[in-house]
Amino acid sequence: MGIGELDREAHVAEGTGAGAAPRTLAEALRARGDEGLAALLRARPDLLNPVPNDLTQLATRAGTRGSVVRALERLDRFALQTAEALAVAPDPAPYAVLLALLTGDEGDPVIEAALPGAVAVLREQALVWGEDDRLRLVRTARELLSPSPQHPSPTGLGPTVAEATSGMSPGRVQEIIATAGLAATHDPVSAVAALTGLFTDRARMGALLDEAPPEALAVLDRLVWGPPYGEVTANPAPPVRWLRDRGLLLPVSARTMVLPREVALHLRGGRAHRAPEPVAPEVGVLRDHRPQVVDSAAAGQAYTALATVEELLKSWDKGGPQVLRAGGLSVRDLRRTAVALDVTEPVAAFWLELCHGAGLLAPDGEADERYAPTPAYDDWLDLPPAERWARLVTPWLASTRTPGLVGGQDAKGRALSALGPDLDRAAAPEVRHRVLGLLATLPPGAAADPETLFARLRWERPPRGSAAGAAGRAGAAGSAGPGGSGDDGPGPARPDDLRSRLARWTLAEAELLGLTGRGALSAPARALLNLPLAEAASPADEGGGVEESVAAERAATLLAPLLPEAVDHVLLQADLTAVAPGPLRRPLADALAVLADVESKGGATVYRFTPGSVRRALDSGLAASDLHAFLAAHSRTPVPQPLAYLVDDVARRHGHLRVGAASAYVRCDDDTVLGEILADRRSAALGLRRLAPTVLAAQADPASLLDGLRAMGYAPAAESAEGDVLVTRADAYRTPARTAPVPVPDGPPAPDATLLGAAVKAIRAGDRAATAVRREPAAPAPAGSLPRTSSAETLATVQAAAMTGSAVWIGYVNADGAASQRVIAPVRVEGGFVTGYDHTADEVRTYPLHRITGVAELADDQV
């Protein structure tokens, strides 16, 4: 008989009325209201995939190892400590016993106030069930959290006396109880019970320990908080023998002793944990700033972020570095990018991942694959600065890409590269939102103390493995002997655990993006997170519940007045430089980037004019007169004479030489110039030879020939097969249209209210069908089998049910051959089909009569 049949029989036999205590998790779930089931499915969305057929199946799925581990990992520190205490308590445990394990003999009003909430959380998530007088931890959670040699308990407790003596000979047990001053018994069970009674009796246990040598008490002190295991020699020291002879230490192997749980709890004063943490630690304030200062600093960094992204993508405008065969960017190309941006390599990796996550950068998909800006980058450039910023930070918040991992190694020892695979961490979006949310709990302008922030995050979500396996580290440490140090469960998080590193990276990245200024959350960031604003003047500004796009629009609106205004002019200087007194408008910035090179960046960008930059402008198709007009139109100062001379001089020599394909050739009306080129030893690598007085042939290709002649100080121009000058415009290279990378989810997505309501209705309907009591036929069918009736009996029964409006139980086999049991209320029977309300599916359905294996009436109390 299956689990479902056993549960149904129990349900039928005694029911689950309001006064009946549940005997299984399924019965406990059945006693819940719809809101309680919805809360369970909301907290553990993995139980919804697929939607369980009934409550028995839901309970079975809620007890599977993978689902329980996932639920334990999402508990806060105190709820997890409560579950750990239940795992070392008797099963079932009264609430008073659980409270005593957490408060100890002295009591603790703070824990007493917090414990009901922790138990409620465990009940809501179906990790604990039963009334307060019989609290039960689900079996899988108990197996994960209970002490064992392979996986010691996070509490540091060892096995009970009964568990530690299970393999001991009866004679040895009798020797122990005799040495401990107990009367002999006739069987090992009563002997173990007597020893357990001694260790749990505070008065008698105190008297026994008063007789212990001081050295023996010192051994117990080293083991009391765990690990409870210690190594001994073949001939133990007298203090260890004294403890062993009285059962205060019990052997688990020839060289290993263990401190029984009852003894440890007595020495601890009844506490399961050394340091229970019922209250979340507060986030401390490191320093205070005026909110206006914070917003100004954040806006300045937001402007720098926009300039950095634009500079990065503009440098890859004609195609960026190649994509590695395994995906991602090479270390050499990352280093070059960092040098070009004047940042460190980890920061350069962050900007690259930011552009990739926003859909502005992608591989081009060609055979020789390279990175290049996407068409979305051009659309992004046309947006106002504040909206461009919002287009960057919104995907960053939701992205699972983790640039902080770049430079590290994966599980197989392979290097993790920027823009490469294996950089997704599903916890990243949650940590980012939580870090910024905790910053928002501080007063406006307050910067958080990072250590207190990390401590709060570790309390809300203890490091992975602390519940179901991290205590194994304590067991490994305990093998050193009784002198090992204690380990009270999770303890302080390792500095390299993933969530702590994600939080640290989030603080740094938020500062780079301008979400924070001087460590404090800015007003635009609060708007982006749908948080209330300190200066909210209307309900529309109070945040909360608005869509992501609306929140981004509100954030951009708040940021826009804080960004510097774009200017349409520069200040030309006599030293061949131009100073931009602020951010330049888009057409001016693009034109000046062709005509001059950026010499320094900051509040005022300095451009320098060189022969190469002027030649670049001429190569783009502009004439000298165009350059003079451009400079005069956009300069607030007169065009300096040296700059005018530079433009005229480069223009006069530009195109004097013509280069084409011969492999390549050079032609010039002045044969003396060609003679100079041939006589120059630097031209030897070009393989030049004279074909005619005004023509030279070259073995190099046209592009190399152009570069070689320019390096020699000439200003050649390329020409077409028709002899016309080729205009090399600065046309940007773009990838095909690409979508931004999709975040990797951390398990199934959180269900919305509509899905939860539909799932609860379906589970309820299926449970009603599964637990319905049927009338037994004359010849009872085997348990769990489908009802079997003849075609005539089936037709007659469903016709009668349709006439009386009653429900019947049917067996049904669908077109795929899958059999199922259903409870339906027929309303129409015609044409070989029966149409009725299916209680299992909670909807009206039509079934072919030839696929119904049989039909049975429900019991009278179920009609």
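Per chain, the residues get numbers from 1 upward, laid out in the order the sequence is written. Only residues with pLDDT of at least 70 get local features here, since the model is predicted, and only at 80 or more are side-chain atom pairs given and counted; chain-wide, interface and lining totals rely on the full set of residues. Excluded from the side-chain calculations are hydrogens and water; all other atoms, namely the structure's heavy atoms, are used.

With that settled, consider the side chain of S522. Position of S522 among the secondary structure elements: in the loop between strand 11 (520-521) and helix 26 (523-528). In this scheme, a residue with accessible area under 20% of its type's maximum is buried, one over 50% is exposed, and one in between is partly exposed, where area comes from a 1.4 Å probe on protein chains only. Residue classification places S522 among the buried positions, given a relative accessible area of 0%. Polar contact criterion, stated in full: a pair of N or O atoms within 3.5 Å, where within protein one must be able to donate a hydrogen and the other to accept it, and residues adjacent in sequence count only if both atoms are side-chain atoms. Within polar-contact distance, the side chain of S522 engages the backbone oxygen of L515 at 2.9 Å. In contact with S522, not counting residues within four places along its chain, are V294, D295, A298, G514, L515 and T516. A run of H or I in DSSP counts as a helix once it spans at least four residues, and a run of E counts as a strand once it spans at least two, with each numbered from the N terminus. In this analysis, two residues are considered to be in contact whenever any of their non-hydrogen atoms come within 4.5 Å of each other.

The salt bridge definition used is simple: a Lys or Arg side-chain nitrogen within 4 Å of an Asp or Glu carboxyl oxygen. All told, the structure shown has 36 salt bridges when counted by the stated rule. The partner of R401 in a salt bridge is D424, and the shortest N-O contact between them spans 3.7 Å. Placement of R401 in the loop between helix 21 (385-398) and helix 22 (428-440) and of D424 in the loop between helix 21 and helix 22 is noted, with a sequence separation of 23 residues between them. Judged by relative accessible area, which is 8%, R401 ranks as buried.

Let us look at the environment of R456. Inspection of the secondary structure puts R456 in helix 23 (residues 450-460). Taking C-alpha positions, R456 is 5.4 Å from P281, a pair spaced 175 residues apart along the chain. Here R456 is in contact with A280, P281, E282, V283, R434 and L438, once residues within four sequence places are set aside.

With that settled, consider the sheet that holds strand 14 (residues 597-600). In spatial order, the strands read 12-13-15-14; together these four strands make up an open sheet with antiparallel pairing. Taken across any chain shown, the strands that pair with only one partner, and hence form the sheet edges, are strand 12 (571-573) and strand 14. The mean inter-strand angle of the sheet, taken between neighbouring strand axes irrespective of direction, is 30°. Relative to strand 15 (residues 605-608), strand 13 (residues 577-580) runs antiparallel, the two sharing four bridges. Bridging from a neighbouring strand, A578 pairs with Y607 of strand 15. One requirement defines pairing of two strands: DSSP has to find at least two bridges between them. Think of each axis as a best-fit line through the C-alpha atoms, taken over the contacting stretch in the case of a helix, with angles from 0 to 180 degrees between the N-to-C directions.

The quantity known as pLDDT measures the predictor's confidence residue by residue, on a range of 0 to 100. On average, residues of the protein score 84 in pLDDT, and 87% of them are at 70 or above. Throughout residues 1-18 the model reports pLDDT below 50, and contacts reaching past four residues in sequence, or to other chains, amount to 28 contacts. pLDDT under 50 marks residues 466-493. Its contacts with residues more than four places away, or in other chains, come to 63 contacts.

Next up on the list: helix 12 (residues 188-200). How far a helix is expected to stretch is found by multiplying one less than its residue total by 1.5 Å. Taking 1.5 Å of rise per residue, the 13 residues of helix 12 would be expected to cover 18 Å, and the 18 Å separating its terminal C-alpha atoms lies within 8% of that figure. Within helix 12 the residues assigned to the buried category are A191, V192, L195, L198 and F199. With its buried residues spanning 120° around the axis, helix 12 presents them on a single face. Contacts from the buried residues of helix 12 go to helix 10 (161-164), helix 11 (170-179), helix 13 (202-210) and helix 16 (261-267). Two or three places before V189, at the start of helix 12, stands the capping residue D187, its side-chain oxygen 3.1 Å from that residue's backbone nitrogen. When we speak of the arc, we mean the arc of directions from the helix axis to the C-beta atoms.

Right, let's get into the environment of L439. Topologically, L439 is positioned in helix 22. For L439 and L507, which are 68 residues apart along the polypeptide, the C-alpha to C-alpha distance reads 9.8 Å. Excluding its chain neighbours within four sequence positions, the residues that come into contact with L439 are A448, L507, T516, G519, L521 and R526.

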